[in-house]
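Chains, contacts and geometry: an overview
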Amino acid sequence: MNDQPKIAAKAPLAVPFAEPGVPTIRNINWAGTWALYRKEVHRFMKVQLQTVWAPAITTLMFLVIFIVALGGSGRTVTLRGEAVPFGDFIAPGLIIMGMINACFANASFALMVGKVQGTLVDYLMPPISVGELLFALAGSSVTRAVFVGCALWGAMALWPGVHVTPAHLWAVIWFGLLGTSFIAFLGVLTSIWAEKFDHGAAITNFVIGPLALLSGTFYSIDRLPPFFQAISHANPFFYIISSFRYGFVAAADTNIIVGSIVLLTLNLFFGALCYTLLRRGWKIKA
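Now for a description of the structure that goes with this document.

Definitions and cut-offs
- Residues numbered from 1 in each chain as written.
- Predicted model: local features only at pLDDT ≥ 70, side-chain atom pairs only at ≥ 80, totals over all residues.
- Heavy atoms only, no water.
- Core = buried A, V, L, I, M, F, W, Y, C linked by side-chain atoms within 4.5 Å.
- Buried < 20%, exposed > 50% of the residue type's maximum accessible area, 1.4 Å probe, protein only.
- Helix = DSSP H or I, 4+ residues; strand = E, 2+ residues; numbered from the N terminus.
- Contact = heavy atoms within 4.5 Å.
- Pairing = 2+ DSSP bridges.
- Phe/Tyr/Trp six-rings, centres within 6.5 Å; stacked < 30°, edge-to-face > 60°.
- Axes fitted to C-alpha atoms, helices over the stretch in contact; angles between N-to-C directions.
- Parallel < 35°, antiparallel > 145°, perpendicular 65-115°, else oblique.
- Left-handed = near helix turned anticlockwise from the far one by under 90°.
- Nonpolar A, V, L, I, M, F, W, Y, C, P; charged D, E, K, R; others polar.
- Salt bridge = Lys/Arg side-chain N within 4 Å of Asp/Glu carboxyl O.

**Let's talk about the nonpolar core**
As a rule of thumb, nonpolar side chains are buried together in soluble globular proteins. Judged by nonpolar contacts, the single largest core of 80 residues is most densely connected at L63, I90, L111, Y123, M156, F182 and I183. At 14 residues, the largest contribution of residues to this core is made by helix α3 (residues 86-107). Once residues lying within four places of it in the same chain are set aside, the contact partners of M156 are L60, L63, A91, L94, I95, V162 and V164.

**Some words on the pairing of strand β1 (residues 76-79)**
Where burial is concerned, the two faces of β1 differ: the one with V77 and L79 is buried and the one with T76 and T78 is not. Two strands pair when backbone bridges link them, and β1 and strand β2 (residues 82-85) are joined in this way by 4 bridges, in the antiparallel orientation. Each residue of the ladder has a partner; that of V77, found in β2, is V84.

**Some details on the packing of aromatic side chains**
Summed over the entire model, instances satisfying the criterion amount to 14 aromatic pairs. Taking the centre distance of 4.9 Å and the plane angle of 15 degrees together, the rings of F66 and F218 count as stacked. On the criterion of sequence distance, the pair formed by F66 in helix α2 (residues 48-69) and F218 in the loop between α8 (197-213) and α9 (226-233) is long-range, its members being 152 residues apart. Among the residues examined, F218 registers a relative accessible area of 14% and is labelled buried. Between F182 and F270, the aromatic rings sit 5.5 Å apart at their centres with planes inclined by 65 degrees, giving edge-to-face as the arrangement. With F182 in helix α7 (residues 169-193) and F270 in helix α11 (residues 256-280), this pair connects stretches of sequence that are 88 residues apart.

**Comments concerning unusual backbone geometry**
Residue A250 is not a glycine yet carries a positive backbone phi of 60 degrees. Mapped onto the secondary structure, A250 falls in the loop between α10 (236-249) and α11. Positive phi outside glycine occurs at K283, with the angle close to 60 degrees. Along the polypeptide, K283 turns up in the segment after α11.

**Some words on the packing of α7 against α8**
Two numbers describe how α7 lies on α8: the axes approach to 9 Å, and their chain directions differ by 140 degrees. The angle between α7 and α8 falls in the class oblique. At the point where α7 passes α8, the crossing takes the right-handed sense. Along the contact surface, α7 presents L186, T190 and W193, while α8 presents H199, G200, I203 and I208. In the contact of α7 with α8, the residues fall into 4 nonpolar, 3 polar and no charged.

**Description of the pattern of salt bridges**
Counted according to the given criterion, the structure contains 3 salt bridges. The salt bridge partner of K39 is E40, with a shortest N-O separation of 3.1 Å. Among the residues examined, K39 registers a relative accessible area of 39% and is labelled partly exposed. By relative accessible area, E40 is classed as buried at 1%. Between R43 and E40 there is a salt bridge, with the nearest N and O atoms lying 2.9 Å from each other. Within this pair, R43 and its partner E40 are both found in helix α1 (residues 30-45), separated by 3 residues, close to a single helical turn.

Right under this line is the structure:
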């Protein structure tokens, strides 16, 4: 008879890694997406004097020039037969223009600087999907645009003779998000294509800048000849600025339903295009 105590069979050790082909993160990696979003927000907030306050002050200078230097305080602009004080007309356009520029600058920087500095692998190696990567990059850019817009709104609210109290808050939020998300996708697309800072600067100077300035920010397109009105209606930035202005003055150069349809279509198209290019690794992966 064996008096030795029986040794219990050891339980099999847990395998630290899943079997090949078995996903360890199912559905949406919220933790990874949130981490990348926070990283991108922290990146531009560390230099907020340059990324938030400087663009806000630069855009505010346009308001000072048009209201003070050019004597626009007593002028009015007619929108669909309704007279709007020039200061109230130009302020919403300047707010969304500042948001557009800040949003594009942020979205076009992330992947491009990764290529230049050789840190692109930091975006490709984490266990997040292409959709989660795109969402984090676009979401952080929209966040920066919101910060710039809030800074501009606060400054303009204190400016004498300018009224920026929203007439339709839902329109301000809706068209602000639609417009900046479209610009964010456009910025991510530029970041995918660009291989050096000159490429990003070229898109900013020759595409974003002219489209923003020639979109009815400083004037009503009703005063333009028919040919130039048609050109303005072909400018997607026109629908962003005109529809966003509707949220403040309850009047616009275009039908806001048409503006919503145009901006939704642009968001779906450019979002799908960015997703496809990121998934294929065009100019991203060897």
